[in-house]
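Residue-level structure breakdown
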Amino acid sequence: MEYTKKSAGHKKVTDLLKQITDYKIVEEFPVAKLNSSALVRGFFDIAIPQLKVVIEIHGIQHEHVVDFSGLCPEKAIMNLQIQKYQDMNKERAAVEAGWGYIAITSKEVSTITSEQLLSLLNTAVSARSDSLINNDNSAKERARLYRHERYLKFKQSRKDKAK
């Protein structure tokens, strides 16, 4: 069954993937199927299981406060914070499971080419492969450091917004 509720960006990336790879493309891939101990549930937009890579298409609601349905400003801000938390934890779930993770923003998706997408795929596969070469403890330590780095970036962005 093909996933039908996709954005224009999601459709564009899926179409580009079909042009550049023969691997099976799975849309709406469950986070729990990849990492049962993930802190967030839901789905990755796109997965390529044979490459162990997931792709997330981040629309404008992942980056900015957006009022799609007449919400009060406080609720719209809270929705953005929840979205960022979910995005961060989806990325963590993929990395901890040894999968490559690609996030494509709404700005990037409008201009992305098949060559750029192929480069992102190659980078994600290389990063995943590097973690598989080393022993489990090393991969876990890199995942821990990665999470810490993401936390520090998040903390800094909160400070910047407060100014």
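Since this is a predicted model, take the numbers as computed values, not measurements. (Residues numbered from 1 in each chain as written. Predicted model: local features only at pLDDT ≥ 70, side-chain atom pairs only at ≥ 80, totals over all residues. Heavy atoms only, no water.)

Another point: the overall build of the protein chain. In terms of regular secondary structure, the protein chain is built from six helices and four strands. Counting from the amino terminus, helix and strand elements in the protein chain follow one another as α-β-α-β-β-α-β-α-α-α. Relative to its full complement of 163 residues, the protein chain shows a buried share of 34%. Looking at the protein chain as shown, the accessible area adds up to about 10200 Å², and 54% of this sits on carbon and sulfur atoms. (Helix = DSSP H or I, 4+ residues; strand = E, 2+ residues; numbered from the N terminus. Buried < 20%, exposed > 50% of the residue type's maximum accessible area, 1.4 Å probe, protein only. Areas by Shrake-Rupley, 256 points an atom, 1.4 Å probe, with all protein chains shown as cover.)

Turning to the nonpolar core, a few remarks are in order. Residues Val13, Leu17, Ile55 and Ile104 are the most contacted members of the largest nonpolar core, which totals 17 residues. When contributions to this core are tallied by element, the ones reaching two or more residues are helix H1 (8–20), strand S2 (43–48), strand S3 (53–58), strand S4 (100–105) and helix H5 (114–133). Beyond its immediate stretch of four places on either side in the chain, valine 13 contacts Ile46, Ile55, Ile57, Ile104, Val109 and Leu117. In this structure, Phe29, Leu34, Ala47 and Val54 belong to the second largest nonpolar core, which totals eleven residues. (Core = buried A, V, L, I, M, F, W, Y, C linked by side-chain atoms within 4.5 Å. Contact = heavy atoms within 4.5 Å.)

What follows covers the pairing of S2. Within S2, five of the six residues are buried, which leaves it mostly tucked inside the rest of the structure. When strand S1 (residues 26–30) meets S2, the two strands line up antiparallel, connected through four bridges. When the sheet's bridge partners are listed, proline 30 is paired in S2 with phenylalanine 43. Of the pairings in the sheet, the one linking S2 to S3 comprises three bridges and is antiparallel in character. Pairing of isoleucine 46 across the sheet is with isoleucine 55, part of S3. The antiparallel pairing of S2 with S3 creates a hairpin that spans four residues between the two strands, and lysine 52 there sits at a positive phi of about 55°. (Pairing = 2+ DSSP bridges.)

With that settled, the discussion passes to the pattern of salt bridges. Any two side chains of opposite charge can pair, so long as their charged atoms come close to each other. On inspection of all chains with the given rule, the structure shows two salt bridges. Note that lysine 11 and aspartate 15 form a salt bridge whose closest N and O atoms lie 3.0 Å from each other. Of this pair, lysine 11 and aspartate 15 are both found in helix H1, four residues apart, which corresponds to roughly one turn of the helix. For lysine 90, the salt bridge goes to glutamate 56, with nearest N and O atoms at 3.1 Å. Residue lysine 90 is located in helix H3 (residues 73–96), and its partner glutamate 56 is located in strand S3; the two are separated by 34 residues in the primary sequence. For lysine 90, a relative accessible area of 11% corresponds to the buried category. You can call glutamate 56 buried: its relative accessible area is 1%. (Salt bridge = Lys/Arg side-chain N within 4 Å of Asp/Glu carboxyl O.)

Turning our attention to unusual backbone geometry. The backbone of glutamate 28 shows a phi angle near 60°, a positive value even though the residue is not glycine. Unusually for a residue other than glycine, lysine 52 sits at a positive phi of about 55°. Within the secondary structure, lysine 52 is located in the loop between S2 and S3.

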